[in-house]
Amino acid sequence: MRILVVEDEASLRAQLEAQLRKAGYAVDAAADGEDGFYLGRENPFDLAVVDLGLPKLSGIDVIRRWRAAGRSFPVLILTARGLWQDKVEGLNAGADDYLTKPFQAEELHARINALLRRAAGVAKPVLQCGPISLDMTAHTVQVDNLPLELTGYEYKVLEYLMLNRGKVISKTELTEHVYDQDFDRDSNVIEVFIGRLRRKLDPENRTQPIETLRGRGYRFTLECGEG
Amino acid sequence: MTLSLNTRLLLASSMVLAAFLGITGLVLDSAFRASADTALRDRLQGYVYALLAASDLDARGKLHLPAELPDARFSLIGSGLYAEVVDGSGKPVWRSKSLLGLNIPFTKTPAVGEREFVKIEVERDLPLLSLAFTVGWEANGNSDRRYTYRVAENLVSFNAEVSRFRQNLWGWLAGAAILLLLVQGAVLRWSLAPLRRVAGDLHAIEAGLAQRLRGDYPRELRQLTDNLNGLLTSADNHLKRYRDSLGNLAHSLKTPLAVLRGAVDGEMNDAALRTIAREQLSGITQLIEYQLQRAAASGRTPLAAPVPVKPVVESIVAALAKVYADKGVEITLHIDAAVTFTGDAGDLTEMLGNLLDNACKWCRRRVQVSAHMRPPAVATQAALDITVEDDGPGIPADLRARVMQRGARADESTPGHGLGLAMVQDHVALYHGQLQLDTSSLGGLAVRLYFPVPP
């Protein structure tokens, strides 16, 4: 999952970036409204965290312009004043949730998780697909109720495929959602991750959860229910 | 550049006055000239008739005029009144004595029965107006003789009369203008005095010598001064609220800071320290938020326009629908489009935002907002009633008073319930309204707001 952070306060921006990276997200950051708008318009983010009081272009205008440009990723707004007027204006401009500064890291993660799940049409934090169960709060995976060791990138690839189950996901799309902008992209790495995931998730080649469509990408094939 | 009111009024009225007096002067002047001119011409005509009446033909048909003429000036040399009579061939038949030594170039010889006026300048300083009149004289039945009578009068006295009148006229008009301007200036000073008083009072307020505009102002200004006073009062209250908030904030921050300091200085393991720091930090955050929101409230201002309640509620509901999308809250509104709140739209948003957020947080599924205007009754003022209710657990009657206290919470697990209610109560008090907690027909908490409508 790739997240855009638009915050002008340098120390808070660095803190947010660090917290979100640690939680396993790919993170890009912008320090003002114009940069933020441009980044969000040009890149396929899964979520954006936007401060309302931004230089050059206000947070509300950034969200309005994204929505006008057809960007539909969920947006979480940060407000310092805590006034309902600001929150209502932000939410009605196209944001999906708000957080009043100062906030706790857990609160931020909970809101981001909820928004990502909501965007994927999943109400509960745990997604159960066949023997595989994905806990989006704890960022853990179990197969047949046994915990599975995954690296951060492997988890990200699996989460993205499972949230978009049944759809064909190209390598480019996967790369864009798993890595941030500064990463040197190489689609062979994705093939390596997919191979490792297949071995870990389905060592006996029984369920074949990830299907390869030659020249088009990958598809997660198992039926899912919310556990 | 903006001219002062005084200058504008003075300029405008002076121009009107000047135009009016100028035109009056011109009209009077030309009317006087015309009538003097007519009188002069009539007089000349009269001389001619008098000379005609005095004229006589002798037996040989020769014209005679008596020595005693109708006006003595004809006989005085250089008197200013002259006459001559010429016959049909232009040969002078008779000249008045006054013409002696003068040669007046009468030239006109009009047809019989006609008269002609001509201005003649004989020498410098001797302008004349002459009248020539020709008569046909029947003598002895057959021979028809024509005589032309020419009379001329000196215009010096006429001109002097006209210019004397002119001097008089313009003198009086100028005097009247000066007098009118003076009166007008005085009237202006007197009329604008209340405005100067307002400016003076405002100066005094600026200098900190007064709190409001004092004194009795004329009716036209009273609306303005009353509004100014209202604004001053509300700005004053605002300032006082900010000051209070700042003081309260500083005082109430001391406790958590003291706890933090004690924890840092004391012997304590990391985990315990962290727990205490977290608790105190969230307390500090709440304190700041509470005081900030309180200070930001506008309260009732004298110029507040009525705000329609329905669109405000609708925009809050649209926003909260997103926040509580996972919960699937059903929010129903019973608000007539004509229901209005007299006050600041931002304050209304803060109050309803807090109440609706609480309701959505605590409800099982349903939230209801109703608002209606209560017409004035015998004992009560007109009022706006707003009720926000939910089907949640509600608050037991014995806990309600405690919940209203600042920062208190009925349930520590969902932060901010009590904070929100205390905030709303502060705002309601600014509008001299009331907040009541009740049990909703939906089963949960009903918060009723009551705002008197200013007459």
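Criteria and cut-off values
Residues numbered from 1 in each chain as written. Chains lettered and ligands numbered in written order. Predicted model: local features only at pLDDT ≥ 70, side-chain atom pairs only at ≥ 80, totals over all residues. Pairing = 2+ DSSP bridges. Helix = DSSP H or I, 4+ residues; strand = E, 2+ residues; numbered from the N terminus. Axes fitted to C-alpha atoms, helices over the stretch in contact; angles between N-to-C directions. Contact = placed C-beta atoms within 7 Å. Buried ≥ 20, exposed ≤ 12 C-beta atoms within 10 Å, placed from the backbone. pLDDT = per-residue confidence, 0-100. Nonpolar A, V, L, I, M, F, W, Y, C, P; charged D, E, K, R; others polar. Right-handed = clockwise from strand over helix to strand, strands pointing away. Parallel < 35°, antiparallel > 145°, perpendicular 65-115°, else oblique.

All names here are of chain B. An order of β9-β11-β12-β14-β13 is seen for the five strands of this open sheet, with the pairing classed as mixed. The open sheet has two free edges, formed respectively by β9 (330–335) and β13 (434–439), since each of these has just one partner strand. Along the sheet, successive strands turn relative to each other by an average axial angle of 15°, direction set aside. Inspection of the sheet shows strand β11 (residues 366–374) paired to strand β12 (residues 383–390) by eight bridges, in the antiparallel sense. The residue bridging Gln 368 from the neighbouring strand is Glu 389, located in β12. Sitting on the sheet, helix α5 (residues 309–323) is in contact with β9 and β11, with an inclination near 175° to β9.

A word on the sheet that holds strand β2 (residues 26–30) of chain A. All names here are of chain A. As summarised here, the arrangement of the five strands in space is β2-β1-β3-β4-β5, forming an open sheet in which the pairing is parallel. Strands at the two margins of the open sheet, each flanked by one partner only, are β2 and β5 (97–100). Across the sheet, the mean angle from the axis of one strand to that of its neighbour is 20°, orientation sign disregarded. Taken together, the four bridges between strand β3 (residues 47–51) and strand β4 (residues 75–79) define a ladder with parallel strand orientation. Looking at the pairing, Val 50 lines up with Ile 77 of β4. The strands touched by helix α5 (residues 105–119) are β3, β4 and β5; relative to β5, the strand with the most contacts, the crossing angle is about 175°.

Residues and elements named next belong to chain A. For helix α3 (residues 59–68), the full list of buried residues reads Gly 59, Ile 60, Val 62, Ile 63, Arg 65 and Trp 66. On its buried side, α3 packs onto β1 (2–6), α2 (33–42), β3, β4 and α4 (84–92). Gly 70 lies just past α3 and shows a positive phi near 85°.

Another aspect to go through is the confidence of the model for chain B. Residues and elements named next belong to chain B. Across chain B, the average pLDDT comes to 83, with 93% of residues at or above 70. Put simply, helix α7 (residues 397–403) is where chain B has its lowest mean pLDDT, 76, and β12 is where it has its highest, 92. In this model, residues 407–417 is a region of pLDDT below 50 whose contacts with residues beyond four sequence positions or in other chains number 19 contacts. The ipTM assigned to the predicted complex is 0.71, against a pTM of 0.59.

Note: interface size is frequently given as the accessible area lost on complex formation between the parts. Of the residues lining the interface, 16 residues belong to chain A; the matching set on chain B comes to 18 residues. Of all the secondary structure elements, the ones that give two or more residues to the side of chain A that touches chain B are α4, β5 and α5 of chain A. Ranked by the residues each element gives to the side of chain A that touches chain B, the list is headed by α4 of chain A, at six residues. Residue composition of the side of chain A that touches chain B, by class: seven nonpolar, four polar and five charged.

Side chains on a regular strand alternate between the two faces of the sheet. Residues and elements named next belong to chain A. The buried count for β1 comes to five of five residues, which makes it a mostly enclosed element. On β1, burial covers both faces: Arg 2, Leu 4 and Val 6 on one face and Ile 3 and Val 5 on the other are all buried. Pairing of β1 with β2, which is carried by five bridges, proceeds in the parallel orientation. Within the sheet, the bridge partner assigned to Val 6 lies in β2 and is Ala 30. Where the polypeptide runs from β1 across helix α1 (residues 10–22) and back to β2, its parallel neighbour, the crossover connection is right-handed. Where β1 and β3 come together, four bridges link them in parallel fashion. When the sheet's bridge partners are listed, Val 5 is paired in β3 with Val 49.

We now examine the pairing of strand β11 (residues 217–220) of chain A. Residues and elements named next belong to chain A. Across four bridges, strand β10 (residues 210–213) lies against β11 in antiparallel orientation. Among the inter-strand pairings, Glu 211 is bridged to a residue of β11, identified as Arg 219. Hairpin connection between β10 and β11: a loop of three residues separates the two successive antiparallel strands, and Gly 215 in this loop has a positive phi of roughly 80°.

Residues and elements named next belong to chain B. Considering the arrangement of structural elements, one finds Val 112 in the loop between β4 (92–95) and β5 (115–121). C-alpha separation for the pair Val 112 and Val 135, spaced 23 residues apart in sequence, amounts to 5.2 Å. Discounting residues that sit within four places of it in the chain, Val 112 has contacts with Thr 134, Val 135, Gly 136 and Arg 146.

The geometry of α4 of chain A relative to α5 of chain B is characterised by a closest axis approach of 9 Å and an angle of 70° between their N-to-C directions. On the basis of their axis angle, the class for α4 of chain A and α5 of chain B is roughly perpendicular. Of the residues in α5 of chain B, those in contact with Lys 87, Val 88, Leu 91 and Asn 92 of chain A of α4 of chain A are Ser 315, Ile 316, Ala 318, Ala 319, Lys 322 and Val 323 of chain B. Of the residues that constitute the contact of α4 of chain A with α5 of chain B, the class distribution is six nonpolar, two polar and two charged.

Residues and elements named next belong to chain A. Of the consecutive residues Lys 101 and Pro 102, the connecting peptide bond is found in the cis state with omega at -10°. For Pro 102, the position within the fold is in the loop between β5 and α5. We note that Asn 205 has phi near 60°; this positive angle belongs to a residue other than glycine. Turning to its location among the elements, Asn 205 is positioned in the loop between α8 (187–201) and β10.

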